[in-house]
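Chains, contacts and geometry: an overview
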Amino acid sequence: MIPAAVTDVLSAVLLLAGATQCLLGAIGLVRLPSVLSRMQAATKPQTLGLFLILAGAALRVPLDSAVTLLLVAVFQLITAPVIAQLVGRSAYNGGSVQPRLLVVDELAPRMPREGPEPPPS
């Protein structure tokens, strides 16, 4: 069994690291220049920050509540990439993405940036 003092310190470190990741993601969301980089700042650091916070909280709660926190983490892991993909596609299709900031534009041959969508083949 792990001593309570070690669990307290580990929990505090995880909670602080998670809060720091969330803060850095929020700063990136405000400071970054393009839609795609803001989307990156809104998803990756926030997801890692949430995982760290949930891990720190799981050390402090009973086992049945820790399982619930695990389900929250799995739900976040499933939904964050899907939502980021949808927002990115919408921004690209709506013309909000600045082409000069892209290194490689893999969507250019697949979808038009303006106008109606092509009919499905």
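As the structure is a computational prediction, the values presented were derived from the model and not from experiment. (Residues numbered from 1 in each chain as written. Predicted model: local features only at pLDDT ≥ 70, side-chain atom pairs only at ≥ 80, totals over all residues. Heavy atoms only, no water.)

1. Looking at the environment of L10
Mapped onto the elements, L10 comes out in helix 1 (residues 4-31). For the pair L10 and L59, spaced 49 residues apart in sequence, the C-alpha separation works out to 8.2 Å. (Helix = DSSP H or I, 4+ residues; strand = E, 2+ residues; numbered from the N terminus.)

2. Details of the packing of helix 1 against helix 2 (residues 35-58)
Relative orientation of the contacting elements helix 1 and helix 2 amounts to 165 degrees, with a least axis distance of 7 Å. Considering the angle they form, helix 1 stands roughly antiparallel to helix 2. Handedness of the crossing formed by helix 1 with helix 2: left-handed. A per-class count over the contact of helix 1 with helix 2 returns 17 nonpolar, eight polar and one charged. (Axes fitted to C-alpha atoms, helices over the stretch in contact; angles between N-to-C directions. Parallel < 35°, antiparallel > 145°, perpendicular 65-115°, else oblique. Left-handed = near helix turned anticlockwise from the far one by under 90°. Nonpolar A, V, L, I, M, F, W, Y, C, P; charged D, E, K, R; others polar.)

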